[in-house]
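# Geometric and topological summary
Chain by chain, the residues:
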There are 2 protein chains.
Amino acid sequence: MKNESAVQLTNRVRKEFASLDEAKWRRRTGLFPAEGTKCVLELAAVFRPRSVYATEEWIAEHGAAIEGVEVCRVQARDLRELTRLSSTPPVIAAFELPEAPQLPDRSYFSENLTLMLDRVQDPGNLGTILRTCDWMGVRNIIASEDTVDCFNPKVVQATMGGLARTKVVYTNLPALLDTLDKSVAVCGTFLDGENIYTAALPDSGVLIMGNEGKGISDEVANAVNRRLLIPSYPGTDKVESLNVAVATAIALSQFRMRLFGQ
Amino acid sequence: MKNESAVQLTNRVRKEFASLDEAKWRRRTGLFPAEGTKCVLELAAVFRPRSVYATEEWIAEHGAAIEGVEVCRVQARDLRELTRLSSTPPVIAAFELPEAPQLPDRSYFSENLTLMLDRVQDPGNLGTILRTCDWMGVRNIIASEDTVDCFNPKVVQATMGGLARTKVVYTNLPALLDTLDKSVAVCGTFLDGENIYTAALPDSGVLIMGNEGKGISDEVANAVNRRLLIPSYPGTDKVESLNVAVATAIALSQFRMRLFGQ
């Protein structure tokens, strides 16, 4: 990595970066964007950077961690024009989209905890869910084909680098669920489910979380063999609901807390 | 509520609505905005609407639930110009800011679970936290003076109406903590804390959650007498972290699950 004098961003670079907001352009260019030190460094450990723009200070401190591409030194005002964030980060990068990961073997579902997402639409929610999976040691996330793209810039930012350590496979959920061994616990949260705080939860299996407004679709719900409920505080009324990323986190923590002897 | 012919939004109305994004203008006008059926109806049960703009269909179905002000019938394209959301809602309203709520009595903290927020900055996070408090039966949230304003439109939207049932008091946290009885459990999450999944948690007390990047400030941390940890999956490394709204939800669920016999 050489430290040349600052380059000026061309309009073409600006347009290319902005176009990566759209899934269509990410597919065409084979690139996705990421911003900020934590996100860029963690993704650079796993994905191949195609272009990296950073301030002189950032390059001095972190430039050596970027391999395979020269980091372009730019002014903070150039980054301000590129950024999608409210405060300008010292580094913005475009990474090569990885090949779509393969579905795990069927035996995987009997031995591990897997999260399935049925039509999650909000990129902030998906990003927060992936960040939580990273913390909870859930490495495979299977998403319905109409779930938001995990390389959407808002997803990437909300994962805080967690995208580097979690795999998201997009597939037809009912078809996949149909192939699973009948002994696999397929869990979902429903208003008439068993209290997740007192239920005897399995060590492995599938947890399905549904769309923000509509929950789990009927076709997917048909495959659920463990209906669970995250109960609200006694006496609260029916108007409350939980954000899907919050509900996912509470459910995953209930599956994982047994590892710690409770 | 009369059903007159559709009004046309003036530029002044548009500008006034847009100005409510800023805390300064919310204070000057004494108003805050809310959008969408769920949010508007739940807030209208508690706060006083000053102006409500809705489609003819919305008025036919829900107009009777709005008291004290005439609902203005507008075209969907007018709402599209007013909205802050990515998909246009059928109703947008401005409500009167309530008077700042009072701090609970000191005895309250010995008998209830209270959430304190130390410099939470992201409006989406605060909104999600208030929505979770609504679900978890946590009615009083005490926030540091530099926590994001709970009437910020992004907060209001993320609460999904929960703002109608939770009170947020802004105050100097170290000064308040200093007045609490020494027997009150003051809990916070730290990397060197006790595993929250196995700790014997109190029924009441204070849970403090900190800033997105920096955690709990030293001054507030000094008042913590129960240091807790949400452990990550064994074997994961140190780069992961949890979103503050997710960490709050997991911690609150651990306090509340004992109500259900675990």
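Residues numbered from 1 in each chain as written. Chains lettered and ligands numbered in written order. Predicted model: local features only at pLDDT ≥ 70, side-chain atom pairs only at ≥ 80, totals over all residues. Heavy atoms only, no water.

## Considering the packing of helix α7 (residues 123-136) of chain A against helix α11 (residues 244-257) of chain A
All names here are of chain A. We count it as follows: Working convention: axes come from line fits to C-alpha atoms, limited for helices to the stretch in contact. Angles between N-to-C directions cover 0 to 180 degrees. Only DSSP runs of H or I with at least four residues qualify as helices, and only runs of E with at least two residues qualify as strands; both kinds are numbered from the N terminus onward. Any angle between 65 and 115 degrees counts as roughly perpendicular, while under 35 counts as roughly parallel, over 145 as roughly antiparallel, and the rest as oblique. Put simply, a crossing is left-handed when the front helix is turned counterclockwise from the back one by less than a right angle, and right-handed when it is turned clockwise. Contacts are assigned to residue pairs with any non-hydrogen atoms lying within 4.5 Å of each other. Polar here means any residue outside two lists: the nonpolar Ala, Val, Leu, Ile, Met, Phe, Trp, Tyr, Cys and Pro, and the charged Asp, Glu, Lys and Arg; Gly therefore counts as polar.
Relative orientation of the contacting elements α7 and α11 amounts to 15°, with a least axis distance of 9 Å. The angle between the axes of α7 and α11 places the two elements in the roughly parallel class. Our pair here, α7 against α11, has a crossing hand that is right-handed. Together, N125, T128, I129, T132, C133 and M136 of α7 and V244, A245, T248, A249, L252, S253 and R256 of α11 make up the contact between the two elements. When the residues that make up the contact of α7 with α11 are grouped by side-chain class, the tally is seven nonpolar, five polar and one charged.

## What to know about empty space enclosed by the protein
Basically, it comes down to this: Whether a set of points on the 1 Å grid over the protein atoms alone is a cavity depends on a 1.4 Å probe fitting there but being unable to get out, while an open set qualifies as a pocket with protein on both sides within 12 Å along at least five of seven lines; lining residues are those with an atom within 4 Å of a point. Grid points are joined across faces, edges and corners, and a volume is the space filled by probe spheres set on the points.
Tallied over the full model, the rule gives one cavity of 30 Å³ or more. Space inside the largest cavity adds up to approximately 40 Å³. Around the largest cavity, the lining residues are A:V239, A:E240, A:S241, B:K38, B:E42, B:R131, B:D134, B:T159, B:M160, B:G162 and B:R165. Of all the secondary structure elements, the ones that give two or more residues to the lining of the largest cavity are α3 (37-44) and α7 (123-136) of chain B. Class assignment of the residues belonging to the lining of the largest cavity gives a composition of two nonpolar, three polar and six charged.

## Structural notes on unusual backbone geometry
Residues and elements named next belong to chain A. Put simply, the rule reads: Three labels apply to residues, based on accessible area from a 1.4 Å probe with only protein chains included: buried if under 20% of the type maximum, exposed if over 50%, partly exposed otherwise in between.
In the Ramachandran plot, M160 falls in the positive-phi region, its phi being about 50° despite a non-glycine side chain. Within the secondary structure, M160 sits in the loop between α8 (153-159) and β7 (167-171). Judged by relative accessible area, M160 falls into the partly exposed class, the value being 30%.

## Overview of α7(A)
Three- or four-residue spacings in an α-helix give side chains the same orientation, since the helix completes a turn every 3.6 residues. Residues and elements named next belong to chain A. What counts, and what does not: Expected helix span is given by 1.5 Å per residue-to-residue step, counting one fewer step than there are residues.
With 14 residues, α7 extends 20 Å between its outermost C-alpha atoms, agreeing within 8% with the 20 Å of an ideal straight helix rising 1.5 Å per residue. Among the 14 residues of α7, 13 are classified as buried, and the element is accordingly described as predominantly covered. Once α7 ends, the next one or two residues include G137, with phi positive near 70°.

## So, the pairing of strand β8 (residues 186-195) of chain A
Residue and element names in this part refer to chain A. Stated formally: Strands are labelled as partners when DSSP assigns at least two bridges between them.
As paired strands, β8 and strand β9 (residues 205-209) are joined by three bridges and run parallel to one another. Residue V186 lies in a different strand from β9, and its bridge partner there is V206. As judged from the five bridges shared by β8 and strand β10 (residues 226-229), these two strands associate in the parallel manner. In the sheet register, G188 faces β10, and the bridge partner there is R227.

## So, the interface of chain A and chain B
Rule in force here: Throughout, buried area stands for the accessible area (probe radius 1.4 Å) lost by two parts on being put together, summed over both. Here, a salt bridge means any Lys or Arg side-chain nitrogen found within 4 Å of an Asp or Glu carboxyl oxygen. By the criterion applied in these results, polar contacts are pairs of N or O atoms within 3.5 Å in which, for protein atoms, one can donate a hydrogen and the other can accept it, and in which residues neighboring in sequence qualify only through two side-chain atoms.
Counting residues at the interface gives 36 residues for chain A and 36 residues for chain B. Both faces considered, chain A and chain B share a buried interface measuring about 3,700 Å² in area, 64% of it formed by carbon and sulfur atoms. When the buried area of chain A at its contact with chain B is split by residue, A:W135, A:Y197 and A:F260 rank highest and sum to 23% of it. Remark: the boundary between chain A and chain B carries zero salt bridges. Inspection of the region where chain A meets chain B yields eight residue pairs in polar contact (both at pLDDT 80 or more). When residues of the side of chain A that touches chain B are traced back to their parent elements, those giving at least two are α3 (37-44), α7 and α11 of chain A. Here the side of chain A that touches chain B gets eight residues from one element, more than from any other, and that element is α11(A). Looking at the side of chain A that touches chain B residue by residue, the classes come out as 16 nonpolar, twelve polar and eight charged.

## Observations regarding the layout of surface pockets
Residue and element names in this part refer to chain B. Taken as a whole, the second largest pocket encloses approximately 430 Å³ of empty space. If you go around the second largest pocket, you meet 21 residues; those closest to its centre are P98, A100, P101, C150 and F151. Among the secondary structure elements, those contributing two or more residues to the lining of the second largest pocket are α2 (23-29) and β7 (167-171). Top element by residues in the lining of the second largest pocket is β7. It accounts for four residues. The residue inventory of the lining of the second largest pocket, partitioned by class, reads 14 nonpolar, one polar and six charged.

## Quick word on the environment of B:R106
Residue and element names in this part refer to chain B. Summarising the element assignment, R106 is placed in helix α6 (residues 106-111). Of the residues examined, R106 reaches a relative accessible area of 55% and is grouped as exposed. At a separation of 3.1 Å, a polar atom in the side chain of R106 contacts the main-chain carbonyl oxygen of T179.

## Some remarks on the packing of aromatic side chains
The relative placement of two aromatic rings is captured by the distance of their centres and the angle of their planes. This is how the line gets drawn: Ring geometry is summarised as follows: Phe, Tyr and Trp rings, the Trp one being its six-membered ring, pair when their centres sit within 6.5 Å, and such pairs are stacked at plane angles under 30 degrees, edge-to-face over 60 and tilted between the two. In this scheme, the term charge over a ring applies when either NZ of a lysine or CZ of an arginine sits within 6 Å of the ring centre and within 35 degrees of the ring normal.
Applying the stated criterion to the full structure yields 14 aromatic pairs over all chains. Note on B:Y108 and B:F109: the rings are 6.1 Å apart at their centroids and 85° apart in plane angle, and the pair reads as edge-to-face. Overall, the relative accessible area of 1% leaves B:F109 in the buried class. One cation-aromatic arrangement involves A:R227 over A:F190; the distance from NZ or CZ to the ring centre is 4.0 Å. Of note, B:R28 hangs over the ring of B:W25, and the distance from its end group to the ring centre comes to 4.8 Å.

## Quick notes on the relation of the copies chain A and chain B
Basically, it comes down to this: Least-squares fitting of one copy onto the other uses the C-alpha atoms of those residues that reach a pLDDT of at least 70 in both copies.
Laying chain A over chain B is done by rotating through 180° and shifting 0.0 Å along the axis; what remains is an RMSD of 0.0 Å. Expressed as an axis order, the relation between the two copies is that of a two-fold axis. Looking at the interface residues of chain A, 100% of them are also at the interface in chain B, so both copies use one shared face.

## Looking at the sheet that holds strand β5 (residues 113-117) of chain A
Residues and elements named next belong to chain A. Reading across the sheet, the six strands line up as β7-β6-β5-β9-β8-β10 and stay open at both edges, with parallel pairing between neighbours. Strands with a single pairing partner mark the edges of an open sheet, and in this sheet they are β7 and β10. With direction set aside, neighbouring strand axes in the sheet form an average angle of 35°. On top of the sheet, α7 reaches β5, β6 (140-144) and β7; it is set at about 180° to β5, its chief contact. Sheet strands touched by α11: β5, β8, β9 and β10. Its angle to β9, the strand with the most contacts, is close to 160°.

## Description of the environment of B:L228
Residue and element names in this part refer to chain B. By secondary structure assignment, the location of L228 is in strand β10 (residues 226-229). By relative accessible area, L228 is classed as buried at 0%. The sequence separation of L228 and A251 amounts to 23 residues, and the corresponding C-alpha distance is 9.1 Å. Contact partners of L228, with chain neighbours within four places excluded, come to C187, G188, T189, F190, G193, E194, I196, A199, L201 and F255.

Just geometry here; none of it tells us what the structure is for.
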